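Each chain, letter by letter, is given below.
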Amino acid sequence: MKEILLVEQDRGLSDGIVLGLVQGPYRVTQSFSGKDALQNIRHKTFSLIIMSWKLPDGGGKELLEQIHRTRKTPVIVLAEKGTESERLTKLIWDRDVWLMKPFSLSQLKGIIDVMWKKQKKLPKRECRFKSISYQMDREKVFRDTEEVRLSNSERKLLKVLVENEGKPLSASLLSNRIWNSGKALDDRLADAIFSLRNKLEEDPQRPEMIHTVWGKGYMFHPVHRITGHIESNPA
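A few points on the structure. None of these values were measured; they are calculated from a predicted model.

## Notes on helix α8 (residues 186–200)
Then step 1. When the terminal C-alpha atoms of α8 are compared, their 21 Å separation across 15 residues agrees well with the 21 Å that a helix rising 1.5 Å per residue should span.
Then step 2. The complete set of buried residues in α8 reads Leu189, Ala192, Ile193, Leu196, Arg197 and Leu200. For α8, the angular spread of the buried residues around the axis is 130°, confining them to a single face. Exposed and facing more than 90 degrees away from the buried side of α8 are Asp187, Asp191 and Phe194.

What follows is the structure in structure tokens.
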């Protein structure tokens, strides 16, 4: 089931879109303002956002910019007649599209289908767990919509761990990737792990993302807490 956030102040239009989409493999969450949309984005992961350019609390520009700052979710912008297409084209990203009102449901569905196909071909560029979002290409971390500031070492460490999700990585391998060291820098690495957990984990003493695998090293594996010895070859 694909999760869609629909942000449209016209309740009649919003309800009509929902009725058309729920017949397919979609589950639609409705918002009627930018503020309400941001609340939904903070608490739920969406595969697609459909948003009106005209909103009751300041317009769509601010909402679109906020989505771009903190999420990689593709967006369909529903624009009113008379909106300058050149202005919209400059604001939306390559993964986004805009659709002028009025439009037919078949037009909207056609655009959604094309966007799903494009998304399937793209490599995974965002990792999310609970309130944490890690944008891999930008190497930035957000808690809800607030950026989590990382040191250079923490940024490199997280990148290597996420790229090798599910694989325990030895201290020597991590030390080499982060500090170009030919030997394991155990104390320095332990400090970086400790600091990263304090910034990302809800309870750093009971990590749910960055695990110590005894005898093997460290591993990024969200959702499941790891205990005991795991047999795996470091990348």
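## Focus: the packing of helix α2 (residues 34–43) against helix α3 (residues 60–70)
Then step 1. Orientation of α2 relative to α3, taken along the N-to-C sense of each, is 15°, at an axis distance of 10 Å. Classified by the interaxial angle, the pair formed by α2 and α3 is roughly parallel. Pair α2 / α3 crosses with right-handed handedness. Within the contact between the two elements, α2 uses Gly34, Ala37, Leu38 and Ile41 and α3 uses Leu63, Gln66 and Ile67.
Then step 2. Its residues placed into classes, the contact of α2 with α3 shows 5 nonpolar, 2 polar and no charged.

## A look at the packing of aromatic side chains
Then step 1. Scanning all chains against the criterion turns up 1 aromatic pair.
Then step 2. The cationic tip of Lys2 hangs over the ring face of Trp116; the distance from NZ or CZ to the ring centre is 5.4 Å.

## Concerning the nonpolar core
Then step 1. Core analysis: the largest hydrophobic core is formed by 27 residues, its most contacted members being Leu157, Leu161, Leu174, Leu189, Leu200 and Ile210.
Then step 2. Going through the elements one at a time, β6 (126–129), β7 (132–135), α6 (152–163), α7 (171–179), α8 and β11 (217–220) are the ones with two or more residues in this core.
Then step 3. Setting aside residues up to four positions removed in sequence, Leu161 forms contacts with Leu169, Leu174, Ile193, Ile210, Tyr218, Met219 and Phe220.
Then step 4. Counting residues in each nonpolar core, the second largest holds 18 residues, with Leu6, Ile50, Ile112 and Trp116 among its members.

## Examining empty space enclosed by the protein
Then step 1. Across all of its chains, the model carries 2 cavities of 30 Å³ or more by this definition.
Then step 2. The calculated volume of the largest cavity comes to roughly 50 Å³.
Then step 3. In terms of lining, the largest cavity is formed by Cys127, Arg128, Phe129, Ile132, Tyr134, Leu158, Val162, Leu200, Met209 and Phe220.
Then step 4. The set of elements that each furnish at least two residues to the lining of the largest cavity consists of β6, β7 and α6.
Then step 5. Residue contributions to the lining of the largest cavity peak at 3 residues, all from β6.
Then step 6. Here the lining of the largest cavity is composed, by residue class, of 9 nonpolar, no polar and 1 charged.
Then step 7. Put simply, the second largest cavity is a space of about 30 Å³.
Then step 8. If you go around the second largest cavity, the residues you meet are Ile41, Lys44, Thr45, Phe46, Ile49, Arg71, Thr73 and Arg128.
Then step 9. Along the lines of polarity and charge, the residues of the lining of the second largest cavity split into 3 nonpolar, 2 polar and 3 charged.

## Re the pairing of strand β10 (residues 210–213)
Then step 1. Pairing geometry for β10 and β11, over 4 bridges, is antiparallel. Counterpart to His211 in the pairing with β11 is Met219.
Then step 2. Hairpin remark: β10 followed by β11, antiparallel, with 3 residues in the connecting loop; positive phi at Gly215, about 85°.

## Observations concerning the pattern of salt bridges
Then step 1. Applying the stated criterion to the full structure yields 11 salt bridges.
Then step 2. Note that Glu3 and Lys44 form a salt bridge whose closest N and O atoms lie 3.4 Å from each other. Taken together, the residues span a long stretch of sequence, with Glu3 in strand β1 (residues 2–7) and Lys44 in the loop between α2 and β3 (48–52) at a distance of 41 residues.
Then step 3. Note on Lys44: relative accessible area 32%, which makes it partly exposed.
Then step 4. Lys101 serves as the salt-bridge partner of Glu8, at 2.8 Å between the closest nitrogen and oxygen. With Glu8 in the loop between β1 and α1 (11–21) and Lys101 in the loop between β5 (97–100) and α5 (105–121), the pair connects residues that are 93 residues apart, well separated along the chain.
Then step 5. On the accessibility criterion, Glu8 (1% relative accessible area) is buried.
Then step 6. Salt bridges linked by common partners bring Glu3, Arg27 and Lys44 together as one network.

Calculation notes
- Residues numbered from 1 in each chain as written.
- Predicted model: local features only at pLDDT ≥ 70, side-chain atom pairs only at ≥ 80, totals over all residues.
- Heavy atoms only, no water.
- Helix = DSSP H or I, 4+ residues; strand = E, 2+ residues; numbered from the N terminus.
- Expected span 1.5 Å × (residues − 1).
- Buried < 20%, exposed > 50% of the residue type's maximum accessible area, 1.4 Å probe, protein only.
- Arc of directions from axis to C-beta.
- Axes fitted to C-alpha atoms, helices over the stretch in contact; angles between N-to-C directions.
- Parallel < 35°, antiparallel > 145°, perpendicular 65-115°, else oblique.
- Left-handed = near helix turned anticlockwise from the far one by under 90°.
- Contact = heavy atoms within 4.5 Å.
- Nonpolar A, V, L, I, M, F, W, Y, C, P; charged D, E, K, R; others polar.
- Phe/Tyr/Trp six-rings, centres within 6.5 Å; stacked < 30°, edge-to-face > 60°.
- Lys NZ or Arg CZ within 6 Å of the ring centre and 35° of its normal.
- Core = buried A, V, L, I, M, F, W, Y, C linked by side-chain atoms within 4.5 Å.
- 1 Å grid on protein atoms, 1.4 Å probe; cavity = no way out; pocket = protein on both sides within 12 Å on 5 of 7 lines; lining within 4 Å.
- Points joined across faces, edges and corners; volume = space filled by probe spheres on them.
- Pairing = 2+ DSSP bridges.
- Salt bridge = Lys/Arg side-chain N within 4 Å of Asp/Glu carboxyl O.

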